[in-house]
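Fold and geometry: a report
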Amino acid sequence: MQAFETIEVDSPKVACDGGKSALGHPRVYLNMGDKGQVECPYCSRVYVLKAGAKVSGGH
């Protein structure tokens with residue numbers, strides 16, 4: 001299945017609510033872990049960590 005949309009982000013932790021369209025969904029918080037990307041289970045958006053983004057090891 002092909003992803004709906006790919007979004008580059010600066011943080012390995014993201015929140016997705018499906019966007020501002022009528023097809024939005026409840027906000028979910030996603031963590032990429034070591035993969036550098038994560039797919040939203042609701043809308044299939046793929047969030048990809050930007051090249052060179054600094055990943056903090058803090059809380």
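Residues numbered from 1 in each chain as written. Predicted model: local features only at pLDDT ≥ 70, side-chain atom pairs only at ≥ 80, totals over all residues. Heavy atoms only, no water.

Turning our eyes to something else, we now look at the pattern of salt bridges. One side chain can pair with another of opposite charge once the charged atoms of both are near each other. Within this structure, the stated rule accounts for three salt bridges. Notably, a salt bridge pairs glutamate 5 with arginine 45, separated by 3.0 Å at the nearest N-O pair. Of this pair, glutamate 5 sits in the segment before β1 (6-9) while arginine 45 sits in the loop between β4 (37-39) and β5 (46-49), and the two are 40 residues apart along the sequence. Relative accessible area serves as the criterion here: at 31%, glutamate 5 is assigned to the partly exposed category. (Salt bridge = Lys/Arg side-chain N within 4 Å of Asp/Glu carboxyl O. Helix = DSSP H or I, 4+ residues; strand = E, 2+ residues; numbered from the N terminus. Buried < 20%, exposed > 50% of the residue type's maximum accessible area, 1.4 Å probe, protein only.)

Glancing now at the sheet that holds β1. Strand order in the open sheet formed by three strands is β1-β5-β4, with mixed pairing between adjacent strands. The open sheet is flanked by β1 and β4, the only strands paired with a single partner. Between one strand axis and the next, the sheet turns through 20 degrees on average, direction left out of account. Note: β1 against β5, four bridges, orientation parallel. The partner of glutamate 8 across the bridge, within β5, is valine 48. (Pairing = 2+ DSSP bridges. Axes fitted to C-alpha atoms, helices over the stretch in contact; angles between N-to-C directions.)

As a further point, take the nonpolar core. Listed in full, the ten residues of the largest apolar core are Val9, Val14, Cys16, Val28, Leu30, Met32, Val38, Cys40, Cys43 and Tyr47. Those elements that place two or more of their residues in this core are β2 (13-16) and β3 (28-31). For tyrosine 47, the residues in contact, after removing those within four places along its chain, are Ile7, Val9, Val14, Ala15, Cys16, Leu30, Met32, Gly36, Gln37 and Val38. (Core = buried A, V, L, I, M, F, W, Y, C linked by side-chain atoms within 4.5 Å. Contact = heavy atoms within 4.5 Å.)

A separate point is the environment of serine 11. Among the secondary structure elements, serine 11 is positioned in the loop between β1 and β2. Measuring from C-alpha to C-alpha, the distance between serine 11 and alanine 53 comes to 7.2 Å, with 42 residues separating the pair along the chain. With residues up to four places along the chain from it excluded, the contact list for serine 11 reads Met32 and Leu49. Reaching out from serine 11, the side chain makes a polar contact with the backbone nitrogen of lysine 13 at a distance of 3.2 Å. (Polar contact = N/O pair within 3.5 Å; in protein donor to acceptor, adjacent residues only side chain to side chain.)

Moving on to the pairing of β5. Looking at chain direction, β4 and β5 are connected through three bridges and run antiparallel. Opposite valine 38, over in β5, you have tyrosine 47 as the bridge partner. In this antiparallel pair of consecutive strands, β4 and β5, the connection spans six residues, and serine 44 shows a positive phi of 70 degrees.

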